[in-house]
Amino acid sequence: MQIEVLGLASGRSYFLTYETSELNEILLDFLRKKNITIASSCDGKGVCKKCEIQNGWLTCQLTLEQFIQRQSNGKIFVGYL
Ligand code: FES
């Protein structure tokens, strides 16, 4: 299974594969594990809003599974990436 990260600043996209066992991971942690740079200054406490993606969603406040349920095409848009 796969999701796609689209960097709006760079125009680049990254295809990331995941396993069922990774669905409960926090999206911010999953993206970092896959070497996608996601901004954060509150270390995932939901305060700084720097990890925001489309629709105002915070990657530190969603699991990978919750994200996929909300965005069935699996596309993540990151403005500064
Ligand atoms: S990392 Fe600060 S709000 Fe998500």
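A brief structural summary.

Parameters and conventions
- Residues numbered from 1 in each chain as written.
- Predicted model: local features only at pLDDT ≥ 70, side-chain atom pairs only at ≥ 80, totals over all residues.
- Heavy atoms only, no water.
- Helix = DSSP H or I, 4+ residues; strand = E, 2+ residues; numbered from the N terminus.
- Rg over C-alpha atoms; globule rule 2.2 N^0.38 Å.
- Buried < 20%, exposed > 50% of the residue type's maximum accessible area, 1.4 Å probe, protein only.
- Contact = heavy atoms within 4.5 Å.
- Areas by Shrake-Rupley, 256 points an atom, 1.4 Å probe, with all protein chains shown as cover.
- Lys, Arg positive; Asp, Glu negative; His and termini not counted.
- Charge placed at Lys NZ, Arg CZ, Asp CG, Glu CD.
- Phe/Tyr/Trp six-rings, centres within 6.5 Å; stacked < 30°, edge-to-face > 60°.

**Side note on the overall build of the protein**
And then number 1: Assigned secondary structure in the protein consists of two helices and three strands.
And then number 2: Relative to the compact-globule value of 12 Å for 81 residues, the protein shows a C-alpha radius of gyration of 11 Å, a close match.
And then number 3: With respect to the three principal axes, the spread of C-alpha positions in the protein is 30 × 30 × 20 Å.
And then number 4: Counting across all 81 residues of the protein, residues that qualify as buried make up 41%.
And then number 5: Taking as baseline every contact in the protein between residues at least 6 positions apart, the subset at least 24 positions apart corresponds to 46%.
And then number 6: When the accessible surface of the protein is totalled, it reaches about 4,600 Å², and 46% of it is carbon and sulfur.
And then number 7: The averaged location of the 8 negative side-chain charges in the protein is 7 Å from the averaged location of its 9 positive side-chain charges.

**Some details on the side chain of Thr-63**
And then number 1: With respect to the helices, strands and loops of the structure, Thr-63 is situated in the loop between helix H1 (27–33) and helix H2 (64–70).
And then number 2: Judged by its relative accessible area of 16%, Thr-63 falls in the buried class.
And then number 3: Leaving out residues up to four positions away in the same chain, Thr-63 has contacts with Leu-23, Asn-24, Glu-25, Ile-26 and Leu-27.

**What to know about the packing of aromatic side chains**
And then number 1: This model, assessed by the stated rule, comprises one aromatic pair.
And then number 2: Between Trp-57 and Phe-67, the ring centres sit 6.2 Å apart and the planes meet at 80°, which makes this aromatic pair edge-to-face. One end of the pair, Trp-57, is in the loop between H1 and H2; the other, Phe-67, is in helix H2, with 10 residues separating them in the sequence.
And then number 3: Classification of Trp-57 by relative accessible area gives buried; the value is 14%.
And then number 4: When its relative accessible area of 0% is taken as the criterion, Phe-67 is described as buried.

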